[in-house]
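Descriptive structure summary
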Amino acid sequence: MAYTLRSALHEILGENKSYLHYYNSIIKAYETGYWSYDIKILVKKMYVDVPCPYHLSKKGFHKRLCYAVTDFKEFKHQFEKYMNEYIYPMQELRKNKIVARKAWIKKYGFISKGNQYCQKAMYNCSECINKTICDISKKYTNNDPAIKNMTKLLELLYGNIQSGHFARQVVE
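Notes on the structure follow. Within each chain, residues carry numbers counting from 1 in the order of the written sequence. Confidence filtering applies because this is a predicted model: local features only for residues at pLDDT of at least 70, side-chain atom pairs given and counted only at 80 or more, and all residues used for totals across whole chains, interfaces and linings. Processing note: side-chain calculations cover all non-hydrogen atoms of the structure and skip hydrogens and water entirely.

1. Describing the overall build of the protein
In DSSP terms, a helix is any run of H or I states spanning at least four residues, a strand is any run of E spanning at least two, and both are numbered starting from the N terminus. If you tally the helices and strands in the protein, you get seven helices and three strands. When each of the 172 residues of the protein is scored for burial, the buried share is 36%. Nonlocal contacts in the protein, meaning residues at least 24 apart in sequence, comprise 63% of its contacts between residues at least 6 apart. Just so you have it, the protein exposes about 11400 Å², and 54% of that area is on carbon and sulfur atoms. Burial classes follow relative accessibility: with a 1.4 Å probe on protein chains only, a residue under 20% of its type's maximum area counts as buried, one over 50% as exposed, and anything between as partly exposed. Pairs of residues are marked as contacts when any of their non-hydrogen atoms sit within 4.5 Å. Only the protein chains shown count as covering a residue, and every accessible area follows the Shrake-Rupley method with a 1.4 Å probe.

2. Observations concerning helix 2 (residues 19–32)
An α-helical turn contains 3.6 residues, so any two residues separated by three or four positions project in the same direction. Working rule for helices: expected span equals 1.5 Å times residues minus one. Look at helix 2: 20 Å from first C-alpha to last across 14 residues, which is about the 20 Å you get at 1.5 Å a residue. Those residues of helix 2 that fall on the buried side of the exposure criterion are Tyr 19, Tyr 22, Tyr 23, Ser 25, Ile 26, Ile 27 and Ala 29. One or two steps after helix 2, the chain reaches Gly 33, where phi turns positive at roughly 95°.

3. Some remarks on helix 7 (residues 146–158)
Between its first and last C-alpha, helix 7 extends 18 Å over 13 residues, near the 18 Å set by a 1.5 Å rise per residue. Those residues of helix 7 lying buried are Ile 147, Thr 151, Lys 152, Leu 154, Leu 157 and Tyr 158. The first or second residue beyond helix 7 is Gly 159, which carries a positive phi of 85°.

4. Notes on the packing of aromatic side chains
By convention, a stacked pair of Phe, Tyr or Trp rings (six-membered ring in the case of Trp) has centres within 6.5 Å and planes under 30 degrees apart, an edge-to-face pair has planes over 60 apart, and any other such pair is tilted. The tally for this structure, following the rule as stated, stands at five aromatic pairs. Residues Tyr 82 and Tyr 86 carry aromatic rings whose centres are separated by 5.4 Å and whose planes lie at 20° to one another, so their mutual orientation is stacked. Placement of both Tyr 82 and Tyr 86 in helix 3 (residues 72–95) is noted, with a separation of four residues, approximately one turn of the helix. In this structure Tyr 86 comes out as buried when scored by relative accessible area, which is 17%. A connected cluster of aromatic rings, assembled from ring pairs, spans Tyr 34, Trp 35, Phe 75, Phe 79, Tyr 82 and Tyr 86. Directly above the ring of Tyr 67 sits Lys 45, whose terminal nitrogen or CZ lies 5.4 Å from the centroid. We call a charge positioned above a ring when the Lys NZ or Arg CZ atom is no farther than 6 Å from the ring centre and deviates by at most 35 degrees from the ring normal.

5. Remarks on the side chain of Asp 38
Mapped onto the elements, Asp 38 comes out in the loop between helix 2 and strand 2 (43–51). Buried charge Asp 38 goes without a salt bridge, the closest partner of opposite sign being Lys 40 at 4.7 Å. Within this scheme the basic residues Lys and Arg register as positive and the acidic residues Asp and Glu register as negative, but His and the chain ends are omitted. Throughout this description, the term salt bridge denotes a Lys or Arg side-chain nitrogen within 4 Å of a carboxyl oxygen of Asp or Glu.

6. Digging into the side chain of Gln 78
Note that Gln 78 resides in helix 3. Its relative accessible area of 8% is what places Gln 78 among the buried residues. Other than its neighbours up to four places away in sequence, Gln 78 contacts Trp 35, Tyr 37 and Ile 39.

Shown next as structure tokens:
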């Protein structure tokens, strides 16, 4: 039996959380480049038996066209991975921004000009103004530029690093 998207996410998240909010957030994270797996591969629009009151159908089910999960095991694995590796850490960062900012400065120093270039290029290394910064980090991170990931984290911690108080902290 195929799971509807609602029942699948309620089984993973629980009844009291909005399933559409989390489903849309994983799609948005994939489209913006924050997440690497496209969950829409596992969700298709199809006819599924949905429970209904007995007075509508003698069987207690009726077919309805809605979003359904084709492989629940894989869907559950990917969604729990997304929650544990992306959503929960971001929630913690948002709760403790001051502590996270202090830890960032202690470990990495102030915001660099390379981070600003990366944000201006919208994390696309081919459009970057100064590609040597990305090339230096690619040597050590197996073609996964660390500066890109660090800039995304900086954007969460500080907001816009191009202007305001944090732009004055920039170190070449």
